[in-house]
Amino acid sequence: MSDKADRLELSLNREEIRNCIITLARGEDRRDGALISAVFWPDAVCEFGIFKGNFQEYLDWVVPGAPQIPVTQHLLGQSYIELTGDTAKVETHVTAYHRISMEGGDCDAVIGGRYLDRLARRNGVWRIAERTMLYDWVRNDGESVDWSQGVMGMPFSDEHFSGKAVGDFSEVFFKK
């Protein structure tokens, strides 16, 4: 194989790996079991410090998600990828926002951390075989601001502008 073909194959593998991680973030935010299942191998294991288990246990934990967390958003940063044949080790920076419903009202928390993923390519398909979450920082923003009616003192022209984990306008947009 030529050097150019090798570089192209490397680029394609790296893009497939990044797409896998991006799809997982969307699946978690939308609590979409099909998206999440599409990027994990069935024999995968997950460890988040507050949760440890096999893939099915993880899926049961994250979908439908805790009703006390009606909104999440995982913003992904750079991914450092080391490829060795049909395996890859990947570190991806993440900033995760969570609205948490508590007895006294809603509060907002933001977590900064890194996903350490081991991916395996089986039959030409890259999926996550193992995920570990590292927490670099956590910020509790206290009482939440109600943005469901508008932002910056201006009302929304329609209710579909307010996002939520399940049942928001993105489902219509992607025709779920």
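Keep in mind that what you see is a predicted model, and the values were worked out from it rather than measured. (Residues numbered from 1 in each chain as written. Predicted model: local features only at pLDDT ≥ 70, side-chain atom pairs only at ≥ 80, totals over all residues. Heavy atoms only, no water.)

Observations regarding the overall build of the protein
Here's step 1: When its secondary structure is counted, the protein shows 4 helices and 8 strands.
Here's step 2: Ordered by position from N to C terminus, the α and β elements of the protein give α-α-β-β-α-β-β-β-β-β-β-α.
Here's step 3: The principal-axis extents of the C-alpha atoms in the protein amount to approximately 60 × 35 × 25 Å.
Here's step 4: In the protein, which comprises 176 residues, the share counted as buried stands at 35%.
Here's step 5: Of the contacts made within the protein by residues no fewer than 6 positions apart, 56% connect residues no fewer than 24 positions apart.
Here's step 6: Of the roughly 10,800 Å² of accessible surface on the protein, a fraction of 56% belongs to carbon and sulfur atoms. (Helix = DSSP H or I, 4+ residues; strand = E, 2+ residues; numbered from the N terminus. Buried < 20%, exposed > 50% of the residue type's maximum accessible area, 1.4 Å probe, protein only. Contact = heavy atoms within 4.5 Å. Areas by Shrake-Rupley, 256 points an atom, 1.4 Å probe, with all protein chains shown as cover.)

Here we look at the pairing of strand β3 (residues 71-84)
Here's step 1: As defined by bridge partners, β3 adjoins strand β4 (residues 87-102) across 12 bridges and the pair is classed as antiparallel. In the sheet register, Q73 faces β4, and the bridge partner there is Y97.
Here's step 2: Connecting β3 to the next strand, β4, in antiparallel fashion are 2 residues, including G85 with a positive phi near 60°. (Pairing = 2+ DSSP bridges.)

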